Amino acid sequence: MTLRIFVFLLGSIVGSFLNVCIHRMPLEESVVWPRSHCPKCKKRIPGYDNIPFLSYILLGGRCRFCKERISLRYPLVELITAVMFLLFFINYGLSYEFIIYILFGSGLIIATFVDIKHRIIPDEISIGGIVLGFILNSLRGFNLRPFSYEPAYMVDSLLGIVIGGGIIWLTGFLFDLVYFKLLKKPPIQGETESMGGGDVKLLAAIGAFLGWKAAILTFFIAPFLGAAVGVVNLLFKKDHTIPYGPFLSAGAIISLFYADKIIGLLFFRY
Ligand SMILES: [Zn+2]
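Residues numbered from 1 in each chain as written. Predicted model: local features only at pLDDT ≥ 70, side-chain atom pairs only at ≥ 80, totals over all residues. Heavy atoms only, no water.

### Structural notes on the overall build of the protein chain
Thought 1: If you tally the helices and strands in the protein chain, you get nine helices and two strands.
Thought 2: Relative to the 2.2 N^0.38 estimate, which gives 18 Å for 270 residues, the radius of gyration of the protein chain is 20 Å and therefore close to what a compact globule would have.
Thought 3: For the protein chain, the spread of C-alpha atoms along the principal axes amounts to about 60 × 55 × 35 Å.
Thought 4: Contacts spanning at least 24 positions in sequence make up 67% of the contacts within the protein chain whose residues lie at least 6 apart.
Thought 5: Averaging the positions of the 25 positive and the 17 negative side-chain charges in the protein chain gives two centres separated by 8 Å. (Helix = DSSP H or I, 4+ residues; strand = E, 2+ residues; numbered from the N terminus. Rg over C-alpha atoms; globule rule 2.2 N^0.38 Å. Contact = heavy atoms within 4.5 Å. Lys, Arg positive; Asp, Glu negative; His and termini not counted. Charge placed at Lys NZ, Arg CZ, Asp CG, Glu CD.)

### Comments concerning the pattern of salt bridges
Thought 1: Inspection of every chain in the model, using the stated rule, returns four salt bridges.
Thought 2: A salt bridge links E97 to R140, with the nearest nitrogen and oxygen atoms 3.1 Å apart. Here E97, found in helix α4 (residues 96-118), pairs with R140, found in the loop between α5 (123-139) and β1 (142-143); they are 43 residues apart in sequence, far enough to count as distant.
Thought 3: Given a relative accessible area of 26%, E97 falls into the partly exposed group.
Thought 4: Between D123 and K201 there is a salt bridge, with the nearest N and O atoms lying 2.7 Å from each other. With D123 in helix α5 and K201 in helix α7 (residues 197-210), the pair connects residues that are 78 residues apart, well separated along the chain. (Salt bridge = Lys/Arg side-chain N within 4 Å of Asp/Glu carboxyl O. Buried < 20%, exposed > 50% of the residue type's maximum accessible area, 1.4 Å probe, protein only.)

### Considerations on the coordination of the zinc ion
Thought 1: Distances from the zinc ion to its protein donors, namely C38 (SG), C41 (SG), C63 (SG) and C66 (SG), fall within the range 2.3 to 2.4 Å.
Thought 2: Here the zinc ion is ringed by four donor atoms whose angles at the metal span 106 to 113°, and the overall shape comes out tetrahedral.
Thought 3: Sequence positions of the residues that donate to the zinc ion give the spacing C-x2-C-x21-C-x2-C.
Thought 4: Overall, the relative accessible area of 26% leaves C66 in the partly exposed class. (Donors = N, O, S within 2.8 Å, 3.2 Å for Na, K, Ca; no water. Tetrahedral: all angles 85-135°; square planar, octahedral: opposite > 155°, others 65-115°.)

### A look at the nonpolar core
Thought 1: Within the largest apolar cluster, 39 residues are counted, with the highest numbers of intra-cluster contacts made by F104, I110, I206, L210 and L248.
Thought 2: By residue number, the principal contributor to this core is α4, which donates eleven residues.
Thought 3: Contacts of L248, omitting those with residues within four sequence positions, involve I168, D199, L202, L203, I206, T218 and A222.
Thought 4: I161, A204, A205 and A208 belong to the second-largest nonpolar core, a separate cluster that totals five residues. (Core = buried A, V, L, I, M, F, W, Y, C linked by side-chain atoms within 4.5 Å.)

### As for helix α3 (residues 73-92)
Thought 1: End to end, α3 covers 28 Å across 20 residues, agreeing with the expected 28 Å (1.5 Å per residue, within 8%).
Thought 2: Every buried residue of α3 is listed here: R73, P75, V77, E78, T81, A82, M84, F85, F88 and F89.
Thought 3: Where α3 is buried, its residues touch α1 (2-24), α2 (54-58), α4 and α9 (245-266).
Thought 4: The first or second residue beyond α3 is G93, which carries a positive phi of 65°. (Expected span 1.5 Å × (residues − 1).)

### With respect to the packing of aromatic side chains
Thought 1: Summed over the entire model, instances satisfying the criterion amount to 16 aromatic pairs.
Thought 2: With a centroid separation of 5.1 Å and an interplanar angle of 15°, the aromatic rings of W169 and F173 are classed as stacked. Within this pair, W169 and its partner F173 are both found in helix α6 (residues 152-182), separated by four residues, close to a single helical turn.
Thought 3: In this structure W169 comes out as partly exposed when scored by relative accessible area, which is 47%.
Thought 4: The structure contains a cluster of three or more aromatic residues connected by ring pairs, namely F88, Y92, Y101, F257 and Y258.
Thought 5: Stacked on the ring of Y74, the Lys or Arg R73 has its end atom at 4.6 Å from the ring centre. (Phe/Tyr/Trp six-rings, centres within 6.5 Å; stacked < 30°, edge-to-face > 60°. Lys NZ or Arg CZ within 6 Å of the ring centre and 35° of its normal.)

### Things to note about a nonpolar patch on the surface
Thought 1: On the surface, Y96, I99, L103, I127, V131, L132, I135, L139, F142, L144, F147 and Y149 cluster together into a nonpolar patch covering about 1100 Å² of accessible area.
Thought 2: Elements supplying a minimum of two residues to the nonpolar patch: α4 and α5.
Thought 3: Per-element tally for the nonpolar patch: the top contributor is α5, with five residues.
Thought 4: Structurally, the position occupied by L139 is in helix α5. (Patch = residues over 30% accessible without salt bridge, like charges linked within 9 Å, V, L, I, M, F, W, Y side chains within 5 Å. Areas by Shrake-Rupley, 256 points an atom, 1.4 Å probe, with all protein chains shown as cover.)

Written as C-alpha cells, this is what we have:
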C-alpha cells in the first residue's frame, strides 16, 4: 500500500515535468532550462508553489504574484500521469514492462495535450518514440544465463513501426486521392492532406512500443473515439478539424490493456 502511494506521488511529479514538456516542446524551448516561470509576469515559480495538485488548490488556481489564472491542464496532467503510473504498477509491478509502459504513456500524454493546443505532435515524441520503443523492445530479447537472444520482440516492434505508420499513411493517401484528385473537392481549410505526418509517425511509435497487432487495433479503435468527440465538437464548437493524436493515444492505451481480449473476441478464440 505505501509503495502504491509512493508510485502515485512519483507519477504526479513526473506529470509536473510533462507539463513543462507540453508547454515548451512546441515552442522549441529546452525542457530542462531555465526553471519554470509564470508565462504572464515571468517571475520564477518557487519550489513550494510547484507541488503537484496541492499548489494549484492552495493558490486557488492563480499565480502567486500577478494572479493570472493557471490552466486547469496543469493539475489535470499531473493527475492523469499519477493514475497511469499506479495502473501500470498494479498490472506489471516493478518490472521492465513497467518502465517501458510509463515511458510510453508519458509520451502519449505529451502528444495528446500538445496536439490539442497546437495541432502538431512534436518529433521528439513521435520519432523519439519510434527509436526508444524499438530499442527497449529489442533489449527484451536478451537472455543472460545462458546467453542467448530471442528476436521475437525486436521483429514485432519493427513490424509495428512499418505497419502502424504504413496503415495510416495509406489511408490518408487513398482518401486524398479519391476526395481531392478524383472527386475534385476543394481543400478543407486550405489543406489537401487529410492525415497529418504527425499522426503517421505517432502510430509508428505506438507500433514500436506495442507491436503490430496493437498498432492495427489502435488504428481501428481511434476513429470510433474520434467520431464520438467529433459529433459533440460539431454540435457545440462548429470547428471542423479535430486533433487526431489524442484518439490514437487513447486507442493505444485501450489496446495495451485489452488487445488480447478484443482480438480473442473478434476471432472467437478464448
Ligand atoms: Zn504571474
